[in-house]
Amino acid sequence: MVNCLHMITIHSILKEIAALFAARKKEVCLVGGAVRDMIRREAVQDWDLATNAPPAEVMAIFREARPPGRVFPTGIKHGTITALYRGRSLEITTYRTEADYSDGRRPDAVRYAATIEEDLARRDFTMNAIALRLPGGETVDPFGGEADIRARIIRCVGKAEERFSEDGLRPLRAVRFAAQLGFELEQHTEAAIPAALSVSAKVSRERVRDELDKILASPRPSRALLLMEKTGLMELFLPELAACRGVEQKGFHRFDVLDHSLLACDYAAGKQYPPEVRAAALLHDTGKPVTRKMELEGVWSFYHHEAESEKIARNILGRLRYPGAFIDAVCHLVKEHMFHYTGEWTDAAVRRFIVRAGETNLENLYRLRMADACAIAGAEPPPDFLLPLTRRVDRVLSESRALSLKDLAVSGKDLMAIGISPGKTMGIILNELLETVLDDPAQNAREQLLEIAGELNGKLKAGLIRKPQFPNKATEENSLF
Ligand code: ATP
Ligand code: MG
């Protein structure tokens, strides 16, 4: 096999760093993802370094450099410091071996090692256990990592059962790398995952979330998600999604709900849609298993599954400690994904659709709809698929921008001035004025609205209408579709 690491050029900053270590008679190697990506001839993301210098000395080396680097003891317990040097951020870890892992999450104690070979032996996969000695770039590859990278294989260093039982994050890293790199899991590595599920169950939810994030950011998330399903990781971390397997949708789709969700998610990833759209694509139908009903022989209905999916998505993302704003963004898309535009929509219905979706979310909602449509048909939707709706929305927006309370020609103060008391009554009246303006933007004139408000106030006081009298028309109209 051709060893092509000798053709790799070492960056001048790395050579400079090597000289700093050499001046103290210490070794330093490039390790981890950077080496893997150099072999794959992909852009290197960040530099991880390993050294036989203890952490205190690593800090001194960077502080005393000219120009000096800044150092942060980011993982000092594990022998890792982060250095900012010549505009680069580097992670430098002292060679180490790891002792017992009694909690399945982190080693009980960190023991420093004498050689890079020992250090590489504690790493997860052969592709991640290659070092390049600096400054020359000589390869240290005791586990055949370069060959595995060329064969596109993810293989544990040593015995997979042991490596996974030490650290339950590794199975997730394995499937995440499969999606990120487009590699296959080596047979024994894959086979060892089910027995390690109880160890994976102990991994902190934030770390699971970080892996899911990377899976969603990969070019084909389904590679990881299908492996998760096959090995039991999906049942463990995303049981609501696992429950979508075998939920047939005859009458609508040729795919079951899980395959449909994976196709939608892959489409969103392939189009490089933002993370909230990818997550929404994955979770948008999770409410289907619980809402499914047999309507006619062999034809299923899923009424209001989007509301159930929203609840389930909120549960999943909350459990995985996603930030609130991200959860809200995903859940909003999930809740609103069931619109079906027809030319019969009135302009008022289009305005209500915009209000419901929120103008800033329209683009993402269209994207989710594209992903959903592709995953129904199993093929790219026609280029003009959403064009009639988007054109209509653009036209309606160009004609009227009175879409929220703040766009009304009257304010709460104006209503107070005609004797409407602040509080619930005011809220009801303002909302009804907005409904009126959504029906007919020409009504958005001060005098006109004051007159309507006065009438409503009188009726409310006389008990002629009860609170809340005004249904959300946006909900009514859109739920027809
Ligand atoms: P990327 O940064 O692109 O996600 P990476 O391989 O650099 O990929 P890091 O999480 O930065 O991943 O870790 C750097 C290196 O540390 C890995 O390549 C691997 O050698 C080792 N490593 C990281 N996490 C583990 C783990 N849980 N068990 C064993 N080794 C690990
Ligand atoms: Mg890295």
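What you are looking at is a predicted structure, and each value in this text was computed from that prediction instead of being measured. The residue numbering used here restarts from 1 in each chain and proceeds along that chain's sequence as written. Chain letters start at A and ligand numbers start at 1, both assigned in the order the entries are written. Given that this is a predicted model, residues contribute local features only at a pLDDT of at least 70 and side-chain atom pairs are listed and counted only at 80 or more, while totals for whole chains, interfaces and linings are drawn from all residues. Derived side-chain values reflect all non-hydrogen atoms in the structure, with water molecules and hydrogen atoms excluded from consideration.

1. Focus on the domain arrangement of the protein
Residue ranges for the domains trace back to a domain assignment, done automatically or taken from a database. When the domains of the protein are assigned, the result is domain 1 (2-146), domain 2 (153-237), domain 3 (246-399) and domain 4 (405-461). Each of domain 1 and domain 2 was reduced to a C-alpha centroid, and the two centroids are 24 Å apart. Contact definition: two residues touch when any of their heavy atoms are within 4.5 Å. Domain 1 puts 19 residues into the contact, and the matching count from domain 2 is 21 residues. When two parts are brought into contact, each loses some accessible area as probed by a 1.4 Å sphere; the total of that loss over both is the buried area. Here domain 1 meets domain 2 over a buried area of about 1,600 Å², counting both sides, of which 57% is carbon and sulfur. Whenever Lys or Arg places a side-chain nitrogen within 4 Å of a carboxyl oxygen from Asp or Glu, that contact is recorded as a salt bridge. Taken together, the connections running from domain 1 to domain 2 amount to 1 salt bridge. For arginine 173, the salt bridge is made with aspartate 124, and the minimal N-O distance between the two is 2.7 Å. As used in this structure description, the phrase polar contact means that two N or O atoms lie within 3.5 Å; if the pair is within protein, one of them must be able to donate a hydrogen and the other to accept it, and residues adjacent in sequence are counted only when both atoms belong to side chains. Connecting domain 1 to domain 2 are 6 residue pairs in polar contact (both at pLDDT 80 or more). In this classification, Asp, Glu, Lys and Arg are treated as charged, Ala, Val, Leu, Ile, Met, Phe, Trp, Tyr, Cys and Pro as nonpolar, and every other residue, Gly included, as polar. Residues of the side of domain 1 that touches domain 2, tallied by class, amount to 7 nonpolar, 4 polar and 8 charged.

2. Quick word on the environment of arginine 351
Locating arginine 351 in the fold gives a position in helix α19 (residues 347-357). Taking the relative accessible area as the measure of exposure, arginine 351 reaches 4% and is therefore buried. A sequence separation of 10 residues divides arginine 351 from asparagine 361, and the C-alpha atoms of the two residues are 14 Å apart. Apart from the residues within four sequence positions on either side, arginine 351 is in contact with Val396, Ser400, Leu403, Val437, Leu438, Asp439, Asp440 and Pro441. Among the polar contacts listed, one links the side chain of arginine 351 to the backbone oxygen of aspartate 439, at a separation of 3.3 Å. Helix and strand definitions here come from DSSP, where helices need a minimum of 4 consecutive H or I residues and strands a minimum of 2 consecutive E residues; each element is numbered from the N-terminal end. Accessible area is worked out with a 1.4 Å probe on protein chains only. A residue is then buried under 20% of its type maximum, exposed over 50%, and partly exposed in between.

3. Some points on the packing of aromatic side chains
Aromatic rings from Phe, Tyr and Trp, with only the six-membered ring used for Trp, were paired whenever their centres fell within 6.5 Å, and each pair was classed as stacked if the ring planes differed by under 30 degrees, edge-to-face if by over 60, and tilted otherwise. Summed over the entire model, instances satisfying the criterion amount to 8 aromatic pairs. Relative to tyrosine 85, the ring of phenylalanine 62 lies with its centre 5.7 Å away and its plane at 70 degrees, an arrangement referred to as edge-to-face. Note that phenylalanine 62 is positioned in helix α3 (residues 55-63) and tyrosine 85 in strand β4 (residues 80-85), a separation of 23 residues in sequence. Owing to a relative accessible area of 0%, phenylalanine 62 belongs among the buried residues under this scheme. Centre to centre, the rings of tyrosine 267 and tyrosine 273 are 6.2 Å apart; their planes meet at 65 degrees, and the pair counts as edge-to-face.

4. Considerations on the site of ligand 1
Distances are taken per atom, and a residue is near a molecule or strand as soon as one of its heavy atoms is within 4 Å of it. Taken together, 14 residues lie near ligand 1, and Arg36, Asn128, Asp167, Arg170 and Arg176 sit nearest. Residue arginine 36 places a side-chain N or O atom 2.7 Å away from an oxygen atom belonging to ligand 1. Contact distances for ligand 1 include 3.0 Å between an oxygen atom and a side-chain N or O atom of arginine 123. Protein burial of ligand 1: of its 590 Å² of free accessible surface, 78% is covered by the chains. Among the elements that take part in the shell around ligand 1, helix α7 (residues 169-181) stands out by supplying 4 residues, more than any other. Tallied by class, the residues present in the shell around ligand 1 amount to 1 nonpolar, 3 polar and 10 charged. Of the residues that make up the shell around ligand 1, three or more belong to each of domain 1 (2-146) and domain 2 (153-237). Here the open area of atoms and residues is found with the Shrake-Rupley method and a 1.4 Å probe, where only the protein chains shown may cover a residue.

5. Regarding α19
Of all the 11 residues making up α19, 8 are buried; the element is thus mostly covered by neighbouring parts of the structure. Among the residues of α19, those classed as buried are Ala348, Ala349, Val350, Arg351, Arg352, Phe353, Ile354 and Ala357. Just downstream of α19 lies glycine 358, where phi reads positive at about 85 degrees.

6. Notes on the pattern of salt bridges
A complete count under the given rule lists 41 salt bridges for this structure. Salt-bridge contacts for glutamate 57 lead to arginine 24; the nearest nitrogen and oxygen are separated by 3.7 Å. Within this pair, whereas glutamate 57 is found in helix α3, its partner arginine 24 is found in the loop between α1 (12-22) and β1 (28-31), the two being separated by 33 residues in sequence. For arginine 314, the salt bridge is made with glutamate 310, and the minimal N-O distance between the two is 3.7 Å.

7. As for the environment of aspartate 439
One can find aspartate 439 in helix α23 (residues 424-439). Between the C-alpha atoms of aspartate 439 and alanine 349, which are 90 residues apart in sequence, the distance is 8.1 Å.

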